[in-house]
Amino acid sequence: ISAASAAETNPGCHLQTCHNPAIHVGALLVVASPVSKTAITAMQAEVERIWGRYGVTICWLAHGHLPPGSSANVDVLVVADSRGWGHSRPTGRNTLGCFRFDRDGDARPLITIFPQHAQRLAGALSARICGRRCLESWFERLHGTLLGRALAHEIGHYLLGPEHSPAGLMRAEIDPRDVLAGEPKGVSLKDSQVQRLTSR
């Protein structure tokens, strides 16, 4: 999927058309890995669901498709191997994403998401639930939801800083089974984090 088609899955993404939330985050999305459109759409929906509870609107933008008056705050790179993009490889098999503020003088911070790790976790989880009988569309949505959890966490670092929490969205490690539970507790912010967000 190209960066343009990924951004087009959310046609209301332009900053000037968002519904006046407390915070706008313009995410310049580049998909440089073979990830299905279903998974990318699920990823975007999960990020919007998580941050929408806190008055944050994510506006998806794409290279070459920046409308007048819009701007990106952070670059989001979905890529299997990021070494060619000036980013080190993930340190572990369960690393789903990385956040980097300092980009050697580049204006925007960089979030890198590693879809191959999320795909492996989604495969292990679906095998436990339905063996080989899982529908491909269900698996792709699960994959995308895991990507969305990872991206929502990294956007949290952009908005709140580098600290992790013992629980909630900003914990250092996620349990893939939490994705199936659908409970807001697993992706919630602490009161102090909500206050920090409000102060922005």
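One structure accompanies this document, and this report is about it. (Residues numbered from 1 in each chain as written. Predicted model: local features only at pLDDT ≥ 70, side-chain atom pairs only at ≥ 80, totals over all residues. Heavy atoms only, no water.)

### So, empty space enclosed by the protein
Tallied over the entire structure, the rule returns one cavity of 30 Å³ or more. In this model, the largest cavity occupies a volume close to 50 Å³. As for the largest cavity, its lining consists of Arg 149, Gly 168, Leu 169, Arg 171, Ile 174, Gly 186 and Val 187. Here the lining of the largest cavity is built from residues that sort into three nonpolar, two polar and two charged. (1 Å grid on protein atoms, 1.4 Å probe; cavity = no way out; pocket = protein on both sides within 12 Å on 5 of 7 lines; lining within 4 Å. Points joined across faces, edges and corners; volume = space filled by probe spheres on them. Nonpolar A, V, L, I, M, F, W, Y, C, P; charged D, E, K, R; others polar.)

### With respect to the side chain of Glu 140
Its location among the elements puts Glu 140 in helix H4 (residues 136-160). One buried charge, Glu 140, has no salt-bridge partner; the nearest side chain with opposite charge is Arg 141, at 9.6 Å. Here Glu 140 is in contact with Ser 36, Thr 38 and Ala 39, once residues within four sequence places are set aside. (Helix = DSSP H or I, 4+ residues; strand = E, 2+ residues; numbered from the N terminus. Buried < 20%, exposed > 50% of the residue type's maximum accessible area, 1.4 Å probe, protein only. Lys, Arg positive; Asp, Glu negative; His and termini not counted. Salt bridge = Lys/Arg side-chain N within 4 Å of Asp/Glu carboxyl O. Contact = heavy atoms within 4.5 Å.)

### Comments concerning the pattern of salt bridges
Within this structure, the stated rule accounts for four salt bridges. A salt bridge links Asp 75 to Arg 108; its shortest N-O distance comes to 2.6 Å. Here the residue Asp 75 occupies a position in strand S3 (residues 74-78), and Arg 108 occupies one in the loop between strand S4 (97-100) and strand S5 (110-113), the gap between them amounting to 33 residues. The salt bridge partner of Arg 196 is Glu 163, with a shortest N-O separation of 3.6 Å. Taken together, the residues span a long stretch of sequence, with Arg 196 in helix H6 (residues 191-199) and Glu 163 in the loop between H4 and helix H5 (178-181) at a distance of 33 residues. Under the relative-accessibility criterion, Glu 163 is labelled partly exposed at 46%. In the salt-bridge network here, residues are joined through shared partners; they are Glu 46, Arg 49 and Arg 149.

### Thoughts on the environment of Arg 120
Along the chain, Arg 120 turns up in helix H3 (residues 115-130). As a C-alpha pair, Arg 120 and His 143 span 23 residues in sequence and 8.7 Å in three-dimensional space.

### Notes on the nonpolar core
In terms of nonpolar packing, the biggest core is built from 43 residues, with Trp 51, Ile 58, Leu 151, Leu 159 and Leu 197 touching the most fellow members. Sorting the residues of this core by element identifies strand S1 (23-31), helix H2 (37-52), strand S2 (56-61), S3, S5, H3 and H4 as the ones contributing at least two each. With eleven residues, H4 is the single largest residue contributor to this core. Residues contacting Leu 197, with those up to four places away along its chain left out, are Ile 23, Trp 51, Tyr 54, Val 56, Leu 159, Leu 160 and Leu 189. (Core = buried A, V, L, I, M, F, W, Y, C linked by side-chain atoms within 4.5 Å.)

### With respect to the environment of Ala 39
Here Ala 39 shows up in helix H2. Each C-alpha atom of the pair Ala 39 and Gly 148 lies 9.1 Å from the other, and the pair is 109 residues apart in sequence. If we ignore the near neighbours within four places in the chain, the residues touching Ala 39 are Glu 140, His 143 and Gly 144.

Without other data, these values stay purely geometric and don't point to any function.
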